[in-house]
Amino acid sequence: MGKNVLVCQKNVSFQFNEPEMNDSEHTSAPNFITNIVAEDLETNKWGGRVHTRFPPEPNGYLHIGHAKSICLNFGIAAENAGGLCNLRFDDTNPSKEDIEYVDSIMADVRWLGFDWEDRLFYASDYFEQLYEYALQLIKGGKAYVCDLSAEEIREYRGTFSKPGKESPFRNRSAKENLDLFLRMRTGEFEDGSRVLRAKIDMAAGNLNMRDPVIYRILREEHHRTGNDWCIYPMYDFTHGQSDSIEGITHSICTLEFEDHRPLYDWFIDELEIYHPRQIEFARLNLSYTVMSKRKLLDLVEQGHVSGWDDPRMPTLSGLRRRGYTPESIRNFCERIGVAKRDSTVDIALLEHCAREDLNKRAARVMGVLHPLRVVIDNYPEDQVEELDAQNNPEDPDMGARKVPFSRVLYIEQEDFLEDPPKKFFRLAPGREIRLRYAFFIKCVNVVKDEKTGEVIELHCTYDPETRGGWAPDGRKVKATLHWVSAEHSLPAEVRLYNHLFSDPNPMDEKHGGDFLAVLNPNSRERLTSCRVEPSLADAAPGSRYQFERQGYFCVDSVDSKDGALVFNRTATLRDAWAKIKKR
C-alpha cells in the first residue's frame, strides 16, 4: 500500500492512498530529452548528475498539461541512478498567488505518485540573493532604473520588423542606478513609477532581449514573505538564477520559453554563475479543452463551473474528483510522448487510458439510472434471495459479493420497448431475458399511466430453475439486463459529464477568440432518481466502480454524504479511441 495522504481543498478534506512506484514504473520510452540526458551522462558533462525540477507558479490549480511536465521531470530523475527532482514554486507575483494554490499543487504532485523528498523550494527563498544579483548587474553596467511607464516601454520596444528605441534613462550612471534601486526597495516610489531593466540590445531580433524588465515595484502582501518586499523580480530573471542556485542540470520547459532561452543564458553568463541547460518541449493541447490558467480562472470566477475541481475541468483536482486514477494519467502522459512541435491530442485517448485502468481495478456493481418498476408475479412476496455476484472478472482476487433479489425490482427504462424494432433484443411483451446473476424472466403485462400513456410498471414471471442465469434445458436468451431490488436498493444522484466545450478547438478563430461562446450547455446532466445496489451503502468518497452496462463512476468527494450518495460518471463503456484506432 502507498502512504495515506490527507488533502484539504476548498474547505473540504478527503484522503487518498498515494501510490507507490518503483523505478521501473517511471521508465519511459526514449525521446529527444532523455537522449540529451543520456549523452550528458556518457560525457560526464554534469559530473554524472541528473537534477531536474518542476517549477509551477502558485496562481492556479494544476491541469493535465502540467501532469505531462511532472511525469517528465520526476520521471527522468527516477530512471537515472542518483537522479533528483525538486519542487519549486516560482512565487514572484503575490498579486496572483495564494496558499490555496500551493497546497493544491503539492497534493496533486503527491497524488500522481511523485515525491520531492526534502527538496521543496520557493523562488521567494532566493529574494535576497536575486536582489544581490541585480546589484551586480547594475554595478557592471548591465542594468538600469527606467522611469518610462509600462505603456511607454511597450511603445519603445518596437516590433518584429522595427527595432526598438532606447529609453532616455538607459545611460544613467551605475551610481545613480544603485541609489534609485535601493530607494525602490525601501518603498520611496509609487507602484509602477520605476522598473529595473537589463541593458542588452534594443535592436535585437529577439524581442525578449530588448532591455527586458527584471524588477518592478509592487505593494502586495506575499504569502510567505509578508510585506518584507515592495519590489519583486520578474519570472525571466528568477527562473534561471533559481535553477543555478539549486544546481539543476537540465531545466526542462515548454516550447513557449524557447524564445526566452537567450535571456536565460544572458543573465547566467553575465552573473558568471553555474549554468544549467534549458531544453524546451511541446506543451500538451487537448481537444474540447482550454489549458490557459487565465481562461480556466475565467470559467471559475464567472460561475460556468463549480470550482477548480469541477469534474468537467482539465485540472488534476477535477480529473481526480471525476474518478481518473493517477495511473491512468501517467499512462496517458507516457503514450503521448515528448515532441519538439506543438500538436493537439484527441481527448478520446485520455478517456481510453481511464477505461483501460479502471477496467482492471474498479469493482463491478449494479445501478439503475432511469428506474422502471418490475413485479415478478410468481415470486413469493416475502422471499428474499442472496445471489452471488462477481466483483471484477479481470481480477478474481477481488472476490464476490451478495446481491438481494426480491419480488419487486427496478430495471432501466431503455431496456424495455412495448413494440421493439427488429434488432432490439432486450425485454418486450412475451419475451424472455436474463437478469444478471439471477434468473430468466418473461414480460407478461404492461402497466401504463392513464393520462400520458407512459409505461410505469411491468409484470413478469420468472423461472426458478434458471438461478444464476442459465437454463437447465439449454434454452438461450439474447439479452442480459442489470437490475436492483426495489426494497433493498439505495437512492442516489448520478452526474453524467460530457465535454465542457462543443467544439474540439474552443480557441478556433471562427469563434472570434471567445471560447465561452462554445460552452456545451449539456456538459452535465443530473439524475436524481437513481437506484444502486445496497453494497454501496458505505462507499467512501473517491471510490471508483463500474456500473455494469453503464460506465465507470466515482463517489463524489465533495457532495456525497451518508444516506445521500452522489456519483460522477468518469467515462462511458463505449471506447471512442478504440474506434478511432480501428479506423
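Position numbers for residues start from 1 in each chain and track the written sequence from start to end. Local features in a predicted model are, by the rule used here, given only for residues with pLDDT of at least 70; side-chain atom pairs are given and counted only at 80 or more, and totals for whole chains, interfaces and linings are based on all residues. Each side-chain value is worked out from all heavy atoms of the structure, with water and hydrogens disregarded.

### A word on the overall build of the chain
Part 1 of the reasoning: By the criteria applied, helices consist of DSSP H or I runs no shorter than four residues and strands consist of E runs no shorter than two, each listed in order from the N terminus. Looking only at helices and strands, the chain has 14 helices and 29 strands in total.
Part 2 of the reasoning: Seen through its principal axes, the chain has C-alpha atoms that stretch 100 × 55 × 45 Å.
Part 3 of the reasoning: Sorting the 583 residues of the chain into buried and exposed places 54% on the buried side.
Part 4 of the reasoning: A separation threshold of at least 6 residues defines the contact pool for the chain, and within that pool the share at least 24 residues apart is 70%.
Part 5 of the reasoning: Approximately 26500 Å² of the chain is accessible, and the part contributed by carbon and sulfur atoms is 46%.
Part 6 of the reasoning: In the chain, which carries 77 positive and 95 negative side-chain charges, the distance between the mean positions of the two groups comes to 4 Å. Accessible area is worked out with a 1.4 Å probe on protein chains only. A residue is then buried under 20% of its type maximum, exposed over 50%, and partly exposed in between. By the convention used here, residues are in contact when the closest approach between their heavy atoms is within 4.5 Å. Note that accessible areas follow from Shrake-Rupley with a 1.4 Å probe, and for residues the cover is restricted to the protein chains shown. The charge count includes Lys and Arg as positive and Asp and Glu as negative, but it does not include His or the ends of the chains. Here the site of a charge means NZ on Lys, CZ on Arg, CG on Asp, or CD on Glu.

### A closer look at the side chain of Asp 309
Part 1 of the reasoning: Within the fold, Asp 309 resides in the loop between helix H10 (293-301) and helix H11 (316-322).
Part 2 of the reasoning: Residues adjacent in sequence count toward polar contacts only when both atoms are side-chain atoms; beyond that, a polar contact is any pair of N or O atoms within 3.5 Å, and within protein one must be able to donate a hydrogen and the other to accept it. Within the structure, the side chain of Asp 309 is placed 3.5 Å from the side chain of Arg 321, a separation counted as a polar contact.

### With respect to the sheet that holds strand S26 (residues 524-532)
Part 1 of the reasoning: Pairing between two strands requires that DSSP report at least two bridges joining them. If you trace the seven strands from one edge of the open sheet to the other, you get S14-S27-S28-S29-S25-S26-S15, paired in mixed fashion. Both outer strands of the open sheet, strand S14 (363-365) and strand S15 (367-368), are each paired with one neighbouring strand and no more.
Part 2 of the reasoning: Pairing of strand S27 (residues 544-547) with strand S28 (residues 551-555) involves four bridges; the strand directions are antiparallel. Within S28, the position partnered with Tyr 545 by the bridge is Phe 553.

### A few points about unusual backbone geometry
Part 1 of the reasoning: Unusually for a residue other than glycine, Glu 272 sits at a positive phi of about 55°.
Part 2 of the reasoning: When you line up the elements, Glu 272 lands in the loop between helix H9 (261-271) and strand S11 (277-281).

### Overview of helix H13 (residues 347-361)
Part 1 of the reasoning: Helix length check: H13 (15 residues) gives 22 Å between terminal C-alpha atoms against 21 Å at 1.5 Å per residue, within 8%.
Part 2 of the reasoning: Within H13, eleven of the 15 residues are buried, which leaves the element mostly enclosed by the surrounding structure.
Part 3 of the reasoning: Among the residues of H13, Ile 347, Ala 348, Leu 349, Leu 350, Glu 351, His 352, Cys 353, Ala 354, Arg 355, Asp 357 and Leu 358 are the ones counted as buried.
Part 4 of the reasoning: Between the side-chain oxygen at the start of H13 and the backbone nitrogen of Ala 348 there is a gap of 2.8 Å, and the oxygen is on Asp 346. Expected span of a helix: the number of residues minus one, times 1.5 Å.

### Notes on the nonpolar core
Part 1 of the reasoning: By nonpolar core is meant a set of buried Ala, Val, Leu, Ile, Met, Phe, Trp, Tyr and Cys residues that side-chain atoms within 4.5 Å join together. By size, the foremost hydrophobic cluster in this structure holds 35 residues, and its most contacted members are Ile 64, Val 109, Ile 329 and Phe 332.
Part 2 of the reasoning: Contributions of two or more residues to this core are made by helix H3 (64-78), strand S4 (84-89), helix H4 (99-112), strand S12 (284-286), H11, helix H12 (326-336) and H13.
Part 3 of the reasoning: Those residues in contact with Ile 64, other than ones at most four positions away along the chain, are Leu 284, Leu 286, Met 291, Pro 314, Leu 316, Leu 319, Ile 329, Phe 332 and Leu 350.
Part 4 of the reasoning: In this structure, Leu 135, Leu 137, Val 145 and Ile 217 belong to the second largest nonpolar core, which totals 34 residues.

### What to know about the pattern of salt bridges
Part 1 of the reasoning: Salt bridges are defined by distance alone: a side-chain nitrogen of Lys or Arg within 4 Å of a carboxyl oxygen of Asp or Glu. Taken as a whole, this structure holds 41 salt bridges when the rule is applied.
Part 2 of the reasoning: Of the charged contacts in the structure, one is a salt bridge between Asp 463 and Arg 475, with a shortest N-O distance of 2.6 Å. Of this pair, Asp 463 sits in strand S22 (residues 455-463) while Arg 475 is found in the loop between S22 and strand S23 (480-481), placing the two residues twelve residues apart along the sequence.
Part 3 of the reasoning: Under the relative-accessibility criterion, Asp 463 is labelled buried at 17%.
Part 4 of the reasoning: For Arg 475, a relative accessible area of 27% translates into the label partly exposed.

### Quick word on the packing of helix H5 (residues 127-139) against helix H8 (residues 235-246)
Part 1 of the reasoning: Lines fitted to C-alpha atoms define the axes, with helix axes restricted to the stretch in contact, and inter-axis angles between N-to-C directions lie between 0 and 180 degrees. The interhelical angle for the contact between H5 and H8, taken along N-to-C directions, is 110°, at an axis separation of 11 Å. Comparing the axis directions of H5 and H8 gives the class roughly perpendicular. Seen from above, H5 lies across H8 with right-handed handedness. Between H5, through Gln 129, Leu 130, Tyr 133, Ala 134 and Leu 137, and H8, the contact on the second element is made entirely by Phe 237, Thr 238, Gln 241 and Ile 245.
Part 2 of the reasoning: Any residue outside Ala, Val, Leu, Ile, Met, Phe, Trp, Tyr, Cys, Pro, Asp, Glu, Lys and Arg is labelled polar, Gly included; the first ten of those are nonpolar and the last four are charged. For the contact of H5 with H8, the residue count by class is six nonpolar, three polar and no charged. Any angle between 65 and 115 degrees counts as roughly perpendicular, while under 35 counts as roughly parallel, over 145 as roughly antiparallel, and the rest as oblique. A crossing counts as left-handed when the near helix is turned anticlockwise from the far one by less than a right angle, and as right-handed when that turn is clockwise.

### Some points on the confidence of the model for the chain
Part 1 of the reasoning: Here pLDDT means the predictor's own confidence in every residue, given as a number from 0 to 100. When pLDDT is averaged along the chain, the result is 93, and 94% of the positions lie at 70 or above.
Part 2 of the reasoning: Low pLDDT (under 50) marks residues 1-26, which in the prediction has 64 contacts with non-local residues, meaning those over four places away or in another chain.

### Focus: the packing of aromatic side chains
Part 1 of the reasoning: Working definition: rings of Phe, Tyr and Trp (its six-membered ring) pair if their centres are within 6.5 Å, and the pair is stacked with planes under 30 degrees apart, edge-to-face with planes over 60 apart, and tilted otherwise. For the coordinates displayed, the defined rule picks out 23 aromatic pairs.
Part 2 of the reasoning: Aromatic side chains Phe 405 and Trp 483 sit 5.3 Å apart centroid to centroid with 80° between the ring planes, which places their arrangement in the edge-to-face category. Here Phe 405, found in strand S18 (residues 400-405), pairs with Trp 483, found in the loop between S23 and strand S24 (484-485); they are 78 residues apart in sequence, far enough to count as distant. Neither Phe 405 nor Trp 483 differs from the other in exposure class; each is buried.
Part 3 of the reasoning: An aromatic cluster of at least three residues, connected via ring pairs, comprises Phe 127, Tyr 131, Phe 181, Tyr 215, Trp 229, Tyr 232, Phe 237, Trp 266 and Phe 267.
Part 4 of the reasoning: Two thresholds decide whether a charge sits over a ring: the Lys NZ or Arg CZ must be within 6 Å of the ring centre and within 35 degrees of the ring normal. When the ring centre of Tyr 131 is taken as reference, the NZ or CZ atom of Arg 185 above it lies at 4.5 Å.

### What to know about the packing of H3 against H12
Part 1 of the reasoning: Contact geometry of H3 with H12 gives a least axis separation of 9 Å together with a crossing angle of 75°. Relative to H12, the element H3 lies roughly perpendicular. Residues Ile 64, Ala 67, Lys 68 and Cys 71 of H3 form the contact with H12, whose participating residues are Ile 329, Arg 330, Phe 332, Cys 333 and Ile 336.
Part 2 of the reasoning: A per-class count over the contact of H3 with H12 returns seven nonpolar, no polar and two charged.

### A few points about helix H2 (residues 32-42)
An α-helical turn contains 3.6 residues, so a residue and the one three or four places further along point in the same direction.
Part 1 of the reasoning: Buried within H2 we find Phe 32, Ile 33, Thr 34, Ile 36, Val 37 and Asp 40.
Part 2 of the reasoning: Elements that come into contact with the buried residues of H2 comprise H3, strand S10 (250-254) and S11.
Part 3 of the reasoning: Where H2 begins, the capping side chain belongs to Asn 31, and its oxygen is found 2.9 Å from the backbone nitrogen of Ile 33.
Part 4 of the reasoning: Two residues or fewer after H2 comes Asn 44, characterised by a positive phi angle close to 60°.

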